[in-house]
Each structure stands twice: as structure tokens, then as C-alpha cells.
Amino acid sequence: MNKKHGLIQVINGKNVGKVALIKLDTCKLIGRKIDESELQVDETYVADRTFEFGLAKERTSQINAFLNPEKKNQSSKHIESPYRRTSDFIINDPELSRAHAMIFLGESKAGIIDLASTNGTIVDGKKIESAFLHGGEIIVLGETEIKFSFVEDE
């Protein structure tokens, strides 16, 4: 049985050709490259890259409700996240926020969430806060264009 995974690929911008696989039940944070000198000025970027999203619990609940509406527990205001955060997708683009957007891949859906970025996230020409991804979308972050698609294990 083949499993679908997500694939993001930079198609326009400084990192053309850079790709990353998003495995089932994982997510990837997309952000800009940080100069080492910036780390001394602002240390808020430091986060656990494997298990912690670095997001408020309310935002994590919104993401889960967005991607997994069938799993919503009516008796609970908070839904535990099924997603594991994998290595980040860092792009050399000064127009991106350090934590710009996050792409999630669940069993039945993929989605992208803007992380309150300064310049916004655009999917197929429309500025979004969150959107489902069906494959073939062009995502614009700053001066970078990324194509999202699905690939299958063989």
C-alpha cells in the first residue's frame, strides 16, 4: 500500500531547487535564515525542533480542528496534536519572518497556516491565514515561490 507524503520545492527565489519531504502526521516550519549576529539580539527563535511547535495551545487547537475536524472531542476545548515537528525548511529570503508558515500533513488532508508573519502567506494568488493544500499549489512567502505536491512511497 502506498502512502502519500507532501513535497515542497522552491521554484523561484534564492533557494531554487531546495526540496523537503513532509511525512504523514508531521509538519514543517518555513522561515528565513538567521544570521548568527541576530541570535544575540533576539533569542525568541530558540525552540525544540522535534516535539514542540513553539505555538500557543490555542493556535495548535485551531490547527488540529482545521485539519482533523472528525477527531474533535466535543467535551474538550483543547485537542492534543497528532503532529511531530520535523526539521525546519529554512530559506535565504529577508522578506520572510523567522517563523513564517507551517505546513501540516494529516491522514486525509494537508494544510498551511500563516504564523502571523509580517509579509503574509499567499496560496495561488490569495493571501491566507490558513488553507487546505490539494497538490499543485504555488505558495508565495516573501520573494520566494514554493510548489506543494503529493508523492507516494513505493
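Residues numbered from 1 in each chain as written. Predicted model: local features only at pLDDT ≥ 70, side-chain atom pairs only at ≥ 80, totals over all residues. Heavy atoms only, no water.

**A closer look at the overall build of the protein**
At step 1: Assigned secondary structure in the protein consists of two helices and twelve strands.
At step 2: Written out in order from the N terminus, the α and β elements of the protein read β-β-β-α-α-β-β-β-β-β-β-β-β-β.
At step 3: Expressed as a percentage of its 154 residues, the buried residues of the protein come to 38%.
At step 4: For the protein, restricting intrachain contacts to residue pairs at least 6 apart in sequence, the fraction spanning at least 24 positions comes to 59%. (Helix = DSSP H or I, 4+ residues; strand = E, 2+ residues; numbered from the N terminus. Buried < 20%, exposed > 50% of the residue type's maximum accessible area, 1.4 Å probe, protein only. Contact = heavy atoms within 4.5 Å.)

**Quick look at the packing of aromatic side chains**
At step 1: Scanning the entire structure with this criterion turns up one aromatic pair.
At step 2: Between Phe148 and Phe150, the aromatic rings sit 5.1 Å apart at their centres with planes inclined by 85°, giving edge-to-face as the arrangement.
At step 3: Owing to a relative accessible area of 1%, Phe148 belongs among the buried residues under this scheme.
At step 4: Among the residues examined, Phe150 registers a relative accessible area of 28% and is labelled partly exposed.
At step 5: Of note, Lys4 hangs over the ring of Phe150, and the distance from its end group to the ring centre comes to 5.3 Å.
At step 6: The ring of Phe89 carries the charged tip of Lys18 above its face, separated from the ring centre by 5.2 Å. (Phe/Tyr/Trp six-rings, centres within 6.5 Å; stacked < 30°, edge-to-face > 60°. Lys NZ or Arg CZ within 6 Å of the ring centre and 35° of its normal.)

**A closer look at the sheet that holds strand β2 (residues 19-22)**
At step 1: An order of β2-β1-β12-β11-β8-β9 is seen for the six strands of this open sheet, with the pairing classed as antiparallel. A strand with exactly one partner marks an edge of an open sheet, and here the two such strands are β2 and β9 (126-128). Going from strand to strand, the sheet's axes swing by 30° on average, the running direction of each strand aside.
At step 2: Bridging between strand β8 (residues 121-123) and β9 involves three bridges; their strand directions are antiparallel. Looking across to β9, one finds that Val123 is bridged to Lys126. (Pairing = 2+ DSSP bridges. Axes fitted to C-alpha atoms, helices over the stretch in contact; angles between N-to-C directions.)

**Describing the confidence of the model for the protein**
At step 1: Per-residue confidence for the protein averages 77 on the pLDDT scale, and 63% of its residues sit at or above 70.
At step 2: Across residues 39-54, where pLDDT falls below 50, the model places 22 contacts with residues more than four positions away in sequence or in other chains.
At step 3: Here residues 73-79 is a poorly scored stretch, pLDDT under 50, and it has seven contacts once near neighbours within four places are set aside; other chains count. (pLDDT = per-residue confidence, 0-100.)

**Digging into the environment of Thr121**
At step 1: Mapped onto the elements of the fold, Thr121 is located in strand β8.
At step 2: With relative accessibility at 0%, the residue Thr121 sits in the buried group.
At step 3: Expressed as a C-alpha distance, the spacing of Thr121 and His100, which sit 21 residues apart in the sequence, is 7.9 Å.
At step 4: In this view, Thr121 contacts His100, Ala101, Ile112, Asp114, Lys126, Lys127, Ile128, Ile139, Val140 and Leu141; residues no more than four positions away in its chain are not counted.
At step 5: At a separation of 2.5 Å, a polar atom in the side chain of Thr121 contacts the side chain of Asp114. (Polar contact = N/O pair within 3.5 Å; in protein donor to acceptor, adjacent residues only side chain to side chain.)

**What about the nonpolar core?**
At step 1: Membership of the largest hydrophobic core comes to 21 residues, with the highest contact counts inside it found for Ile8, Ile30, Ile103, Ile112, Ile139 and Ile146.
At step 2: Those elements giving two or more residues to this core turn out to be β1 (4-12), β2, β5 (89-91), β6 (101-105), β7 (110-114), β10 (130-133), β11 (138-141) and β12 (144-152).
At step 3: Per-element tally for this core: the top contributor is β6, with three residues.
At step 4: Ignoring anything within four residues of it in the chain, the contact list for Ile30 reads Ile8, Phe89, Ile91, Leu96, Ala99, His100, Ala101, Ile103, Leu141 and Ile146.
At step 5: Core analysis: the second largest hydrophobic core is formed by six residues, Cys27, Leu29, Met102 and Phe104 among them. (Core = buried A, V, L, I, M, F, W, Y, C linked by side-chain atoms within 4.5 Å.)

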